[in-house]
Amino acid sequence: MALGTATVAYELRFDAGRICLDLLATTHPGERLDSTEVLCAWIVGSGLVPDGTDLTRADPSWLVGFRELRGRIGQLVRGAPGHGYDLALAHVNDVARTAPPAPRAARDEDGVLVRELAGPPDCAALLGAVARDAVELLTDPVARAAIRECEGDNCPIVYLDTSRGRRRRWCSSEICGNRERVARHRRRAALSRA
């Protein structure tokens, strides 16, 4: 992808099992949060806000905030207590203090109740929601024990393994799992030819 080219929305992934882990996935295979438009698509796609929410206040400072929080969450999820861990923990805790966007129920055109926000969210509220998700994940021993890193070649994606038997090996069966199956098939085919 060329510099300055926006990431196509379908390239964003939401299969890690938690919003904070989905945010971590925006670094692979390269920077996915490369514009405010893509960040807004991620915010909607992650479920932080309902579709159609006014995000016109998003600016480049939002990218900085989300990338910084992503880095700190990555340190906590992947690292053991030590160098930088306490600073990352303090940052996530500080961001988590901000109240998330206030939801409300409203009737749509058909009279069905739908979720919307009381007003346009600001960056701090959205970051607070992601940080709270990270705090909940990291302080829940059962959830924390289910955190896995993809076994795919060169795939650093971290996900929550909620599969039966806790045997999930890849971030996505369709992506890394398929690559592994194709590579295994090619190795067997090469051995049979030899």
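Our subject is the structure listed above.
Note that the coordinates shown come from a computational prediction; the quantities given were computed from them, not determined experimentally.

## Overview of the packing of aromatic side chains
Then comes step 1: With the rule as written, the count across this model stands at 2 aromatic pairs.
Then comes step 2: A centroid spacing of 6.4 Å and a plane angle of 35° characterise the contact between F14 and W42, whose relative ring orientation is tilted. With F14 in the segment before α1 (19-24) and W42 in helix α2 (residues 36-45), this residue pair connects regions lying 28 residues apart in the sequence.
Then comes step 3: Among the aromatic residues, those joined into a ring-pair cluster are F14, W42 and F66.

## As for the nonpolar core
Then comes step 1: One finds L21, W42, I43, L48, F66, I73 and V130 to be the most contacted residues of the largest nonpolar core, which totals 51 residues.
Then comes step 2: Put simply, the parts of the chain that give this core at least two residues each are α1, α2, α3 (60-78), α4 (85-96), α5 (123-139) and β4 (158-160).
Then comes step 3: Broken down by element, the residue count for this core peaks at 9 residues, all from α5.
Then comes step 4: Among residues more than four places away in sequence, those in contact with L48 are I19, W42, I43, F66, R115, L126, A129 and V130.

About the criteria used
- Residues numbered from 1 in each chain as written.
- Predicted model: local features only at pLDDT ≥ 70, side-chain atom pairs only at ≥ 80, totals over all residues.
- Heavy atoms only, no water.
- Phe/Tyr/Trp six-rings, centres within 6.5 Å; stacked < 30°, edge-to-face > 60°.
- Helix = DSSP H or I, 4+ residues; strand = E, 2+ residues; numbered from the N terminus.
- Core = buried A, V, L, I, M, F, W, Y, C linked by side-chain atoms within 4.5 Å.
- Buried < 20%, exposed > 50% of the residue type's maximum accessible area, 1.4 Å probe, protein only.
- Contact = heavy atoms within 4.5 Å.

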